Amino acid sequence: MITVNPDGKIMVRRCLVTLRPFRLFVLGIGFFSLCFLMTSLGSQFSARRPGDSPFTIRTEVLGGPESRGVLRKMSDLLELMVKRMDTLARLENGSELHRAAGDRHFAVDRFPPGAGLMERIQAIAQNVSDIAVKVDQILRHSLLLHGKVSEGRRDQCEAPSDPKFPDCSGKVEWMRARWTSDPCYAFFGVDGTECSFLIYLSEVEWFCPPLPWRNQTATQMAPKPLPKVQAVFRSNLSHLLELMGSGKESLIFMKKRTKRLTAQWALAAQRLARKLGSVWRDQKQILVHIGFLTEESGDVFSPRVLKGGPLGEMVQWADILATLYVLGHGLRITVSLKELQSNLGVPPGRGNCPLTMPLPFDLIYTDYHGLQQMKQHMGLSFKKYRCRIRVIDTFGTEPAYNHEEYATLHGYRTNWGYWNLHPKQFMTMFPHTPDNSFMGFVSEELNETEKQLIKGGKASNMAVVYGKEASIWKGKEKFLGILNKYMEIHGTVYYESQRPPEVPAFVKNHGLLPQPEFQQLLRKAKSRFSPPHSSLNHEFFRGKPTSREVFSQHPYAENFIGKPHVWTVDYNNSEEFEAAIKAIMRTQVDPYLPYEYTCEGMLERIHAYIQHQDFCAAPGPAPLGARAPPSPFVLAPNATHLEWAQNASLDPGAWPPAHSLRAWLATAGRACTDACLDHGLICEPSFFPFLNSQDAFQKLQVPCDSTESEMNHLYPAFAQPGRECFLQKEPLLFSCAGASAKYHRLCPCRDFRKGQVALCRDCL
């Protein structure tokens, strides 16, 4: 007999040989029954293509979504049966089966010589295929008879000349030539007829008008939106750990981190709940697809996780999952392409067709790898739903690199940009540029006892140089030599066999350390130094979709933390560098953690994004400002900048609130990011449309002899030579980043919450 376990394994016992004819009969009956049932449900079996497996049955589905679901399950069952038949055939030809049977005679030995089990099954499959062709002919004849009843309606299948659908005829021509190029078209009922082309192009895609004789009820009725549900904070993360899955070292690391921080997340949720009070929070359905962990992207991180890194991306993803879950949203997590396709409703085929159902998620968090996978498999639905995507982007993507046409024409195209998303859809690890949204991550908070232990355990003459790649140390010998005069230097440079020559011999290198050990090392150190580098002088940053010049190793720490916790020095200036080391050795500081890197700070920030950011809504003010209502700005009393007029009307849905806007004309060669920081403010790109008008220049008393509108990521701006004013023609190119000695940029600035630079004071 045959025993089939739930995991698909087949157990063969000694009585197997005596029942083979009966087993073959049962399998044959099951095969025919399934074929008959599939035919009765509205499928068509077509003859095999050259090169197809004997078991390949192609279906062109004519039924509705329910029938398609049933058919797909049947198809999976047929495939499983075929695999088991193939296993039996291999067993017949193998020596194990003969040894198991001993001296008994096989019933199959009565078959003609050379005709084994596999050949018999192939013959059955061929008979099924022949029957399928005949059934196909009967079905087509039936449809033809039905078509005569509907004569005068269904012969109206010519591509219409409708100015509202200018691409219809061209798409029909394409379908005639290419409809067999992707099985997804047959899945949606395309069979090579003109009617099927027009039905598909009008009801599945949207290039042609609806056919008048079709039942429009199903196609015109959009699914009713589900009633809004209030999000409730969660403190128990055990279900999240189940959702994260297992089997990958990366996931194991992320789950350990989440479990370790459970108490801190719970306390942070309580604090934020008290701060928000009775504010309603919509519960969102969220898909999180971590593309870089999929096998298709290579998953290069998992094998090195337990050896010490790189861990930054996994730390951030673990904290993102915890944040979304603690905030009370519905969560689905995928780390494989197959899971992604299943959750999105991707039809079978090569990714040219739209999804089989409306997208069931309000938001999708992914990375560049996942973004590429979605584009490849969502067809036209990617363009339709891309406004719901949030891209976790370590380095950030500036608008000049994001706009495909502009990046191509002006040399900004890289391997990572050109997606034409709203720049705020890119979410960064640090607040590199206000053009993107600052996602961040969490640093573990210490209680008072732990802080005192760390202060007492500090080594007065120990420094940790953070740089895991040997190339980062190249050219820093002089800098490290001065540091070595005063401190014992420790490093964590990765290597496999021999110590990298770029790391001086006096550096105590620990190699890649697991995270707990690395944290202990940092806590012992008096100071930490990171060799400065930039996108202009280091290979690691080349190709990233940003042109910012990094004048210090950590601009965020320099600008928003500062002394005594952060010291910025020119390591090429020996005297300045040596003086800074001496001052650091004399300084006593308490451990400090910015609010935005605490659990509560991250919950607060992401809550604000989820509730207020909407990139699917209709655009705001016209970018050119032509025929706009009276300007809402007034010149500040000191005549240096513009402010929002107190009596100006406010859009209640605008976020950030427009009344926080302050507009400055930057000095030539100064980026808006820096110009706003000069005044203790943050550049806010969502305010650019308010400034993109002649009126704004006039209010600032800027003499514009001429005004032009062009695509340029530096506009709106004023050019001193020629007294020319330039307005922005493309809203996606509004950018806080970027500077040129030719232009004085018109910059929108706003205030910010202390310890939370991503949010204005009234943004909650």
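Going by an unreviewed UniProt entry, the protein carries the name alpha-1,6-mannosyl-glycoprotein 6-beta-N-acetylglucosaminyltransferase and comes from Ursus maritimus. The UniProt entry for the protein carries the following text under Subcellular location (unreviewed entry): "Golgi apparatus membrane". UniProt, in the comment section headed Pathway (unreviewed entry), describes the protein in these words: "Protein modification; protein glycosylation."

Asks: For this particular structure, what's the right way to read the packing of helix 10 (residues 249–260) against helix 13 (residues 312–326)?
Replies: To describe two helices that pack against each other, one gives the angle between their axes and the distance between the axes. Axis separation between helix 10 and helix 13 bottoms out at 9 Å; the angle between their running directions is 55°. Considering the angle they form, helix 10 stands oblique to helix 13. The chirality of how helix 10 crosses helix 13 is right-handed. Within the contact between the two elements, helix 10 uses Ser 250, Phe 253, Met 254, Arg 257 and Thr 258 and helix 13 uses Met 314, Val 315, Trp 317, Ala 318, Asp 319, Leu 321 and Ala 322. By residue class, the composition of the contact of helix 10 with helix 13 is eight nonpolar, two polar and two charged.

Asks: Any chance you could explain the sheet that holds strand 5 (residues 285–289) here in plain terms?
Replies: Strands in a sheet are paired, the pairing made by backbone hydrogen bonds, and the direction either parallel or antiparallel. The strand order 6-5-7-8-9-10 describes an open sheet built from six strands, whose pairing is parallel. Both outer strands of the open sheet, strand 6 (330–334) and strand 10 (437–438), are each paired with one neighbouring strand and no more. Judged from the two bridges that link them, strand 8 (residues 389–392) and strand 9 (residues 426–428) form a sheet pairing that is parallel. Paired with Val 391 across the bridge in strand 9 is Phe 426.

Asks: Help me understand helix 20 (residues 477–486), please; the structure alone is not making it clear to me.
Replies: Owing to its 3.6 residues per turn, the α-helix brings residues three or four apart onto one side. Here helix 20 has its buried residues at Phe 479, Leu 480, Ile 482 and Leu 483. For helix 20, the angular spread of buried residues about the axis comes to 160°, placing them on one side. Facing away from the buried surface of helix 20 by more than 90 degrees, the exposed residues are Lys 478 and Lys 485.

Asks: Explain the packing of aromatic side chains to me, please; I cannot follow it from the model alone.
Replies: Here the distance between the centres and the angle between the planes together describe a pair of aromatic rings. Summed over the entire model, instances satisfying the criterion amount to 22 aromatic pairs. Between Phe 187 and Phe 188, the aromatic rings sit 5.3 Å apart at their centres with planes inclined by 85°, giving edge-to-face as the arrangement. Neither Phe 187 nor Phe 188 differs from the other in exposure class; each is buried. An aromatic cluster of three or more residues is present, and its members are Trp 174, Tyr 185, Phe 187, Phe 188 and Tyr 200. Looking at Arg 234, its charged tip hangs above the ring of Tyr 325, at a distance of 4.4 Å from the centre. The aromatic ring of Phe 233 is capped on one face by Arg 281, whose charged end is 4.0 Å from the ring centroid.

Asks: I tried to follow the pattern of salt bridges on my own but got confused; where do I start?
Replies: Side chains that carry opposite charge are capable of pairing whenever their charged atoms lie near each other. By the definition in use, this model includes 15 salt bridges. Glu 604 is paired through a salt bridge with Lys 275; the nearest N and O atoms lie 2.8 Å apart. Highlighted residues: Glu 604 in helix 24 (residues 599–612) and Lys 275 in helix 11 (residues 262–276), separated in sequence by 329 residues. Because the salt bridges share partners, they merge into one network encompassing Glu 173, Arg 176 and Glu 194.

Asks: Could you clarify how one ought to interpret the nonpolar core in this entry?
Replies: Met 254, Trp 265 and Tyr 365 are the most contacted members of the largest nonpolar core, which has 58 residues in total. Those elements giving two or more residues to this core turn out to be helix 9 (238–243), helix 10, helix 11, strand 5, helix 13, strand 6, strand 7 (363–366) and helix 24. No other element matches helix 13, which puts 10 residues into this core. Each residue touching Trp 265, except ones within four places of it in the same chain, is listed here: Leu 237, Asp 319, Ala 322, Thr 323, Val 326, Val 442, Cys 599, Met 602 and Leu 603. Of all hydrophobic cores here, the second largest spans 21 residues; its members include Phe 187, Phe 197, Leu 198 and Leu 211.

Asks: Which parts of the structure should I look at to understand the state of the cysteines?
Replies: A disulfide bridge is the covalent bond that connects two cysteines by way of their sulfur atoms. Enumeration according to the criterion identifies nine disulfides in this entry. Each sulfur in the disulfide pair Cys 157 and Cys 195 lies 1.8 Å from the other. Given an S-S torsion of about 90°, the disulfide between Cys 157 and Cys 195 has right-handed geometry. Here Cys 195 lies in helix 7 (residues 194–204) and Cys 157 lies in the loop between helix 4 (117–149) and helix 5 (168–178), a separation of 38 residues in the sequence.

Asks: For this particular structure, what's the right way to read the pairing of strand 17 (residues 662–665)?
Replies: Side-chain direction in a regular strand flips from residue to residue, so the side chains alternate between the two faces of the sheet. Strand direction decides the pairing type here: strand 16 (residues 642–644) and strand 17, joined by two bridges, are antiparallel. Considered in strand 17, the bridge of Leu 642 is made with Ala 663. Pairing geometry for strand 17 and strand 22 (residues 743–750), over four bridges, is antiparallel. From the neighbouring strand, Ala 663 faces strand 22, where its bridge partner is Pro 748.

Asks: Just to check I follow, could you spell out helix 7 for this structure?
Replies: Counting buried positions along helix 7 gives eight out of 11 residues, so the element sits mostly inside the fold. Residues of helix 7 that are buried: Cys 195, Ser 196, Phe 197, Leu 198, Ile 199, Tyr 200, Leu 201 and Ser 202. Summarising the contacts, the buried residues of helix 7 are in contact with helix 5 and helix 6 (183–187).

Cut-offs used in this document
Residues numbered from 1 in each chain as written. Predicted model: local features only at pLDDT ≥ 70, side-chain atom pairs only at ≥ 80, totals over all residues. Heavy atoms only, no water. UniProt positions renumbered as here; feature names shortened; annotations may be inferred. Axes fitted to C-alpha atoms, helices over the stretch in contact; angles between N-to-C directions. Helix = DSSP H or I, 4+ residues; strand = E, 2+ residues; numbered from the N terminus. Parallel < 35°, antiparallel > 145°, perpendicular 65-115°, else oblique. Left-handed = near helix turned anticlockwise from the far one by under 90°. Contact = heavy atoms within 4.5 Å. Nonpolar A, V, L, I, M, F, W, Y, C, P; charged D, E, K, R; others polar. Pairing = 2+ DSSP bridges. Buried < 20%, exposed > 50% of the residue type's maximum accessible area, 1.4 Å probe, protein only. Arc of directions from axis to C-beta. Phe/Tyr/Trp six-rings, centres within 6.5 Å; stacked < 30°, edge-to-face > 60°. Lys NZ or Arg CZ within 6 Å of the ring centre and 35° of its normal. Salt bridge = Lys/Arg side-chain N within 4 Å of Asp/Glu carboxyl O. Core = buried A, V, L, I, M, F, W, Y, C linked by side-chain atoms within 4.5 Å. Disulfide = S-S within 2.5 Å.

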